[in-house]
Amino acid sequence: MSEIKTHYRNCNICEAMCGLEINYQDQQIISIKGDQLDPFSQGYNCPKALALEDFYTDIDRLKTPIKRTESGWQAISWDDAFTEIVDNFKRIQQQHGKNALAVYLGNPNAHSLGNALFLKPFMKSLGTINRFSSASADQLPHHVAANFMFGAGMLIPVSDIDRTDFMLIIGGNPVVSNGSMMTAPNVIGRLKAIQKRGGKVVVVDPRKTRTANIADQHVFIRPEKDAFLLLALIHCVFAHNKVNLRHLSDKVDGLDEIKKLVNAYSPEIVAPLVGIDAKVIRTLSTDMLAADSAVCYSRMGASTQTFGGICLWLTNVLNIITGNFDRAGGAMFPQPAFDLLRNHKPGHKTSFGQYHSRVRKLPFFNGEFPVATLAEEIQTPGEGQIKSLITVAGNPVLSAPSGHKLANAFSELDYMVSIDIYLNETTKYADIILPGTTGVENSHFDIFFNSFSVRNTVKYSPQLFEKQTDQLSDWQILKEITSRMLNVPADDPMQQITPELILDMELKKGPYGQQGMSLQKLIDNPHGIDIGPLMPCLFERIKTANGNIDLFPSVYQDDIPRLQAVMNQTKRDNQFPFDLISRRLVKNHNTWTQNSERLIKGKNPCTLEVNYLDAINLGIEQGQLVTVTSAVGEIKIEATITDDIQQGVVTMPQGWGHNQQGTNMSIAATQPGVSINDLTDAARVDMLTGNAAFNGTPVAIKVA
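Residues numbered from 1 in each chain as written. Predicted model: local features only at pLDDT ≥ 70, side-chain atom pairs only at ≥ 80, totals over all residues. Heavy atoms only, no water.

Q: Account for the overall build of the protein, naming residues and giving values.
A: Counting secondary structure elements, the protein contains 24 helices and 28 strands. Its C-alpha atoms give the protein a radius of gyration of 25 Å, near enough to 27 Å, the size a compact globule of 704 residues would have. Considering only C-alpha atoms, the protein reaches an extent of 70 × 65 × 55 Å along its principal axes. Counting all 704 residues of the protein, 62% fall into the buried class. Considering only contacts in the protein between residues 6 or more positions apart, those separated by 24 or more positions represent 75%. Put simply, the protein shows about 26200 Å² of open surface, and 49% of that area lies on carbon and sulfur atoms. The distance from the centre of the 65 positive side-chain charges to the centre of the 72 negative ones in the protein is 3 Å. (Helix = DSSP H or I, 4+ residues; strand = E, 2+ residues; numbered from the N terminus. Rg over C-alpha atoms; globule rule 2.2 N^0.38 Å. Buried < 20%, exposed > 50% of the residue type's maximum accessible area, 1.4 Å probe, protein only. Contact = heavy atoms within 4.5 Å. Areas by Shrake-Rupley, 256 points an atom, 1.4 Å probe, with all protein chains shown as cover. Lys, Arg positive; Asp, Glu negative; His and termini not counted. Charge placed at Lys NZ, Arg CZ, Asp CG, Glu CD.)

Q: Which residues make up the packing of helix α4 (residues 140–150) against helix α13 (residues 308–321), and what values go with them?
A: Contact geometry for α4 and α13: axes closest at 8 Å, N-to-C directions at 50 degrees. With respect to their mutual orientation, α4 and α13 come out oblique. The handedness of the crossing between α4 and α13 is right-handed. Note on element contacts: α13 touches α4 through Gly308, Gly309, Leu312, Trp313, Asn316, Val317 and Ile320, opposite Pro141, His142, Ala145, Met149 and Phe150. Tallied by class, the residues present in the contact of α4 with α13 amount to 8 nonpolar, 4 polar and no charged. (Axes fitted to C-alpha atoms, helices over the stretch in contact; angles between N-to-C directions. Parallel < 35°, antiparallel > 145°, perpendicular 65-115°, else oblique. Left-handed = near helix turned anticlockwise from the far one by under 90°. Nonpolar A, V, L, I, M, F, W, Y, C, P; charged D, E, K, R; others polar.)

Q: Explain the sheet that holds strand β7 (residues 131–133) to me, and be specific about the residues and the numbers.
A: Across the sheet, 7 strands lie side by side as β5-β4-β17-β16-β15-β6-β7; this open sheet has mixed pairing. Two strands in the sheet have a free side with no partner beyond their single neighbour: β5 (72–75) and β7. Within the sheet, the average angular offset between the axes of one strand and its neighbour, ignoring direction, is 20 degrees. The pairing of strand β15 (residues 388–392) with strand β16 (residues 415–419) spans 5 bridges and is classified as parallel. By the bridge assignment, valine 392 is partnered in β16 with isoleucine 419. The strands touched by helix α3 (residues 113–126) are β6 (101–105), β7 and β15; relative to β6, the strand with the most contacts, the crossing angle is about 170 degrees. Packing of helix α17 (residues 474–486) onto the sheet brings it into contact with β15, β16 and β17 (432–434), and relative to β16 it is tilted by some 145 degrees. (Pairing = 2+ DSSP bridges.)

Q: So what's going on with the packing of aromatic side chains? Which residues, and what values?
A: Counted by the stated rule, this structure contains 20 aromatic pairs. On the numbers, 5.7 Å between centres and 85 degrees between planes, the contact of tyrosine 24 with phenylalanine 465 is edge-to-face. Placement of the pair is tyrosine 24 in strand β2 (residues 19–25) and phenylalanine 465 in the loop between β20 (460–461) and α17, with a sequence separation of 441 residues. In this structure phenylalanine 465 comes out as buried when scored by relative accessible area, which is 1%. When the centroid spacing of 4.8 Å and the interplanar angle of 25 degrees are considered together, the rings of tyrosine 56 and phenylalanine 465 count as stacked. In this pair, tyrosine 56 is assigned in helix α1 (residues 51–57) and phenylalanine 465 in the loop between β20 and α17, connecting sequence segments 409 residues apart. For the pair formed by tyrosine 56 and phenylalanine 465, the shared burial category is buried. Aromatic rings pair up to connect Phe132, Tyr355, Phe364 and Phe369 into one cluster. (Phe/Tyr/Trp six-rings, centres within 6.5 Å; stacked < 30°, edge-to-face > 60°.)

Q: So what's going on with the pattern of salt bridges? Which residues, and what values?
A: All told, the structure shown has 25 salt bridges when counted by the stated rule. Arginine 190 is paired through a salt bridge with aspartate 162; the nearest N and O atoms lie 2.6 Å apart. Placement of arginine 190 in helix α6 (residues 187–196) and of aspartate 162 in the loop between β8 (158–159) and β9 (166–170) is noted, with a sequence separation of 28 residues between them. You can call arginine 190 buried: its relative accessible area is 11%. The salt bridge involving arginine 583 is made with glutamate 609; its shortest N-O contact spans 3.8 Å. Note that arginine 583 is positioned in strand β23 (residues 578–583) and glutamate 609 in strand β24 (residues 608–611), a separation of 26 residues in sequence. Taking the relative accessible area as the measure of exposure, arginine 583 reaches 8% and is therefore buried. Sharing partners across several salt bridges, the network here consists of Glu53, Asp54 and Arg598. (Salt bridge = Lys/Arg side-chain N within 4 Å of Asp/Glu carboxyl O.)

Q: So what's going on with the packing of α3 against helix α18 (residues 499–509)? Residues and values would help.
A: Axis separation between α3 and α18 bottoms out at 9 Å; the angle between their running directions is 85 degrees. Taken together, the axis directions place α3 and α18 in an arrangement best described as roughly perpendicular. Residues Leu113, Gly114, Leu117 and Phe118 of α3 form the contact with α18, whose own contacting residues are Pro499, Glu500, Ile502 and Leu503. The class makeup of the residues in the contact of α3 with α18 is 6 nonpolar, 1 polar and 1 charged.

Q: Now, about the sheet that holds strand β28 (residues 697–703): what can you tell me, with residues and values included?
A: Sheets are built from strands paired through backbone hydrogen bonds, the pairs being either parallel or antiparallel. Strands sit in the order β23-β27-β24-β26-β25-β28 around a closed barrel of 6 strands; the barrel is mixed. Geometrically, the sheet is characterised by an average inter-axis angle of 45 degrees between neighbouring strands, direction not taken into account.

Q: Lay out α4 with the relevant residues and their values.
A: Working note: α-helix, 3.6 residues per turn, so residues spaced by three or four point in the same direction. Across the 11 residues that make up α4, a large majority, 11, are buried. Buried within α4 we find Leu140, Pro141, His142, His143, Val144, Ala145, Ala146, Asn147, Phe148, Met149 and Phe150. Elements in contact with the buried residues of α4: β13 (294–298), α12 (300–303), α13, β22 (549–550) and α21 (554–566). Looking one or two residues beyond α4, the residue adopting positive phi is glycine 151, at roughly 95 degrees.

Q: So what's going on with the environment of proline 533? Which residues, and what values?
A: Here proline 533 shows up in strand β21 (residues 529–533). Residue class for proline 533 comes out partly exposed when judged on its relative accessible area of 32%. C-alpha separation for the pair proline 533 and aspartate 162, spaced 371 residues apart in sequence, amounts to 8.7 Å. Among all residues touching proline 533, those that are not within four sequence positions of it are Arg163, Arg455 and Asn456.

Q: Give me a nonpolar patch on the surface: which residues, what numbers.
A: Taken together, the side chains of Tyr612, Leu613 and Ile616 make up a nonpolar region of the molecular surface, amounting to roughly 290 Å² of accessible area. You can see leucine 613 is positioned in helix α23 (residues 612–618). For leucine 613, a relative accessible area of 34% translates into the label partly exposed. (Patch = residues over 30% accessible without salt bridge, like charges linked within 9 Å, V, L, I, M, F, W, Y side chains within 5 Å.)

Q: Please give an account of the nonpolar core that cites residues and values.
A: Grouped together as the largest cluster of nonpolar side chains are 97 residues, with contacts concentrated most on Phe150, Leu191, Trp313 and Ile549. Sort the elements by how many residues they give to this core and helix α8 (residues 226–239) lands first, with 10 residues. Filtering out sequence-adjacent residues up to four positions away, phenylalanine 150 remains in contact with Ala145, Leu155, Pro157, Asn316, Ile320, Phe325, Phe333, Ile542, Lys543, Thr544 and Ile549. (Core = buried A, V, L, I, M, F, W, Y, C linked by side-chain atoms within 4.5 Å.)

In structure tokens:
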């Protein structure tokens, strides 16, 4: 055997960009641990990193294409697979139109260098506008707010957690998620550092999360009422004449209109709606204003609800008017080495609403439609009906709302293809599955998450192991389909393009190119390079036509009446008296990490948390099986009784439900859990952005 060697890379399972040190011998991984010399993560890594070895050695993982036949799945050559796929795509588009073909992109695409670079030409080659992705089940309100306030959907402000003195976290659990739209390894250490320097951390959430457990204060709030709390906090800033725009005083439009809006949302008016005492709301405002620097961070609970768009817009408004925008310790813009906005011209016309979905008229944005409308676009007859689908590294049957309805829709497609390493709950409906390489077989660079990072750093990870001769990387699969759809000859220069060629070009043309930034420089610095803390850069980064922040864009003005109507609504029907919210677990990431034994071992984590008073009233005992029913589905799940969840609210984790026939994820099947998306309703969306409203699903509970 050869000597033991060491490989350095970033973990690409979640967005924290933790640096890893991997010891290996020949083709075998000996150990995976945090890289102490990584300037960003400084030796920290979470349990998920160990699963990189599991994905590489997984016996269930597909490595060559397979095709559905009457006698079951059979192996097929790459050439035959590509030929059949392209022939069918072209046939269906010729018969039903370009938009009869649709694409669904799952979360892992954001963590793949090759996919991030080759998906755009791939989509162009297909010629369809019907793209869907996990973004509209997660973060779309962040992008829409950035688009209308700052001129670009990727210009999302990030909490400067390392220098803030007061951090208000609304609907987020960054200790478990390692940030989320705030790329930050070791969040628990960063939050404790705020406290050590005399600062304060406050969590507002219907559940006392792991983040809330280390915070200085936790405040329960009723699901889907976050927008009212934000309005009340903004009201307090104006009522006490504490608006402070600092260096942005001549860069903000719409301040007077915001003042007029929030006049009707005093803490006393809002308190009964949100379930928070008016004095507590006023104290939150006072504490934020009194801090030398402060930031409000709103995440999943605020984003994935029926008023997600308004919540993320108001979060930006609060940070701006309190003088905590584009300033150390507040909300700031990263300056990544690979600048996704390099060619984005100020005043560029937005794609928001350029098209609307055929059935429900939900808005098109950033090159896609909301995933909540995918099933009905497949199942509703008429011109433009989706007849064929290709999924790329996604499992929407478990991760999208009304997943069981999506399963039915997929079974009705004329032709379906999946690019995935697993035969899972979604890919089992495909006619052909094309497996790519994964994790340590791929080179890596975090194109997207450097744009959300709490510190400016840059790192390239070469592949650790060579793929087998009969394997292709995801980007090679995309590139081959692209070439065949466009009839590109084998000797065309396009065929020589690789992710590394594009990466090197973008690094050299990026903001640090004149300082010698290049792919070779990153190769020479395997632990990564620290560029420095976030710096004020709004004047250089903003992309609005006039260079100003639009504090009250018209799309939000138009949506306010929908929010105001909630204030006059009667209480929910007794048929569904509880609010269901999702929760995240440290040892899993969406649906695709469940086939790692070390991440699912132990007692069942997929339980329904029920407030102890609700449990008494319902006659539910600890560990008892209960039936949970919503307007669209029903599940049975084990109950966990706790006082960490607000009365009238229940919670269960997302990403589970690996108990279906026709799949082959043997490890996941030993701890299958049940899918929350058999209860969530695709009809419940944020009508402004189209984002799925997972949180606040009305449900009923009874002993099974």
